[in-house]
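Residue strings, one per chain:
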Amino acid sequence: MPIYLPELNHDLAYFPPVNTALTEPDGLLAMGGDLSPERLVNAYQQGIFPWFEEDQPILWWSPSQRMVLTPGAMHISRSLRKSYRRQNFSLSINHAFAEVIESCAEPRGYSGETWITDSMQNAYLQLHEMGFAHSIEVWQDEQLVGGLYGLYIGDIFCGESMFHTITDASKIAFIGLQQHLADIGCKLIDCQLHNEHLASLGATEISRDTFIKQLNNRDVTANQHLWQPQALVLDLIDKAST
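Residues numbered from 1 in each chain as written. Predicted model: local features only at pLDDT ≥ 70, side-chain atom pairs only at ≥ 80, totals over all residues. Heavy atoms only, no water.

Student: If you had to explain the packing of helix 3 (residues 97-104) against helix 4 (residues 118-129) to someone new, which residues and values would you point to?
Tutor: Packing of helix 3 against helix 4 leaves a shortest axis separation of 11 Å and a crossing angle of 155°. With respect to their mutual orientation, helix 3 and helix 4 come out roughly antiparallel. Between helix 3 and helix 4 lies a crossing of right-handed hand. In this structure, helix 3 uses Phe97, Ala98, Ile101 and Glu102 to contact helix 4, whose residues at the interface are Gln121, Tyr124, Leu125 and His128. The residue inventory of the contact of helix 3 with helix 4, partitioned by class, reads five nonpolar, two polar and one charged. (Axes fitted to C-alpha atoms, helices over the stretch in contact; angles between N-to-C directions. Helix = DSSP H or I, 4+ residues; strand = E, 2+ residues; numbered from the N terminus. Parallel < 35°, antiparallel > 145°, perpendicular 65-115°, else oblique. Left-handed = near helix turned anticlockwise from the far one by under 90°. Contact = heavy atoms within 4.5 Å. Nonpolar A, V, L, I, M, F, W, Y, C, P; charged D, E, K, R; others polar.)

Student: An account of the pattern of salt bridges is requested, with residue identities and associated values reported.
Tutor: Tallied over the entire structure, the rule returns three salt bridges. In this structure, Asp34 engages Arg39 in a salt bridge whose closest nitrogen and oxygen atoms are separated by 3.0 Å. On the basis of relative accessible area, Asp34 is assigned to the partly exposed category, the value being 29%. Classification of Arg39 by relative accessible area gives buried; the value is 1%. Measuring nitrogen to oxygen at the nearest pair gives 4.0 Å for the salt bridge that ties Lys171 to Asp168. Classification of Asp168 as buried rests on a relative accessible area of 17%. (Salt bridge = Lys/Arg side-chain N within 4 Å of Asp/Glu carboxyl O. Buried < 20%, exposed > 50% of the residue type's maximum accessible area, 1.4 Å probe, protein only.)

Student: Pulling in residues and values, what's your account of unusual backbone geometry?
Tutor: Backbone torsion omega between Glu24 and Pro25 reads -5°, so that peptide bond is classified as cis. Within the secondary structure, Pro25 is located in the loop between strand 1 (7-8) and strand 2 (28-32). For Glu142, which is not a glycine, the phi torsion comes out positive at approximately 65°. In this structure, Glu142 sits in the loop between strand 7 (133-140) and strand 8 (143-153). Classification of Glu142 by relative accessible area gives exposed; the value is 73%. One non-glycine residue, Asp168, lies in the positive phi region at around 80°. Note on placement: Asp168 falls in the loop between strand 9 (156-164) and helix 5 (169-184).

Student: Explain the nonpolar core to me, using residue names and the numbers behind them.
Tutor: Residues Trp60 and Tyr124 are the most contacted members of the largest nonpolar core, which totals 44 residues. Core analysis: the second largest hydrophobic core is formed by 35 residues, Ile76, Ile172, Ile175 and Leu234 among them. (Core = buried A, V, L, I, M, F, W, Y, C linked by side-chain atoms within 4.5 Å.)

Here it is in structure tokens:
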């Protein structure tokens, strides 16, 4: 059955109300527009994110259920703590954003495609240069072996993607992200869509309405100084209970 989707125009601030998103596929809200930094920041401030493949128009989503995690609430297993110490990982913030997003864009073993298209990479690189998009890197012997990236908007970190080339490296990046966010007073990590991996780490689903109420539309540039490139000393693992 054909579906009707509003098409975005030149107004960078306009999106349809999120409660008009489709129920099937869940959360599909609009199409078109562009990936300009202004439009993307406006989208995230309204609980909307882009997600599309290379042969599709730009699609904008606001699902009815949102996967979220409170910084510091991640379940850290004993085996993961042992893995961290055994692997001799080191972590950093915003040292290799371009390399992280490029690695996240690599097709996974279960699929030959990626949703992190060249246009998406370029858009988030611009957001990084503007101080909105950030990365956590995991290193081993000076080699990048894991990481993640996302946007810090108001008091919420909107996670986009993660990768690893060594077992547990992406989980360690996520722990590092949580620690940094807890330290700077972030109230919520937006994981967007449900998946079992995130659920195993402690993420839960809340309704779209509940999520929208948590969005803070204050000056989104206020905390950029908290993301200066720096080493990240991971002590959250040592504080975790068994």
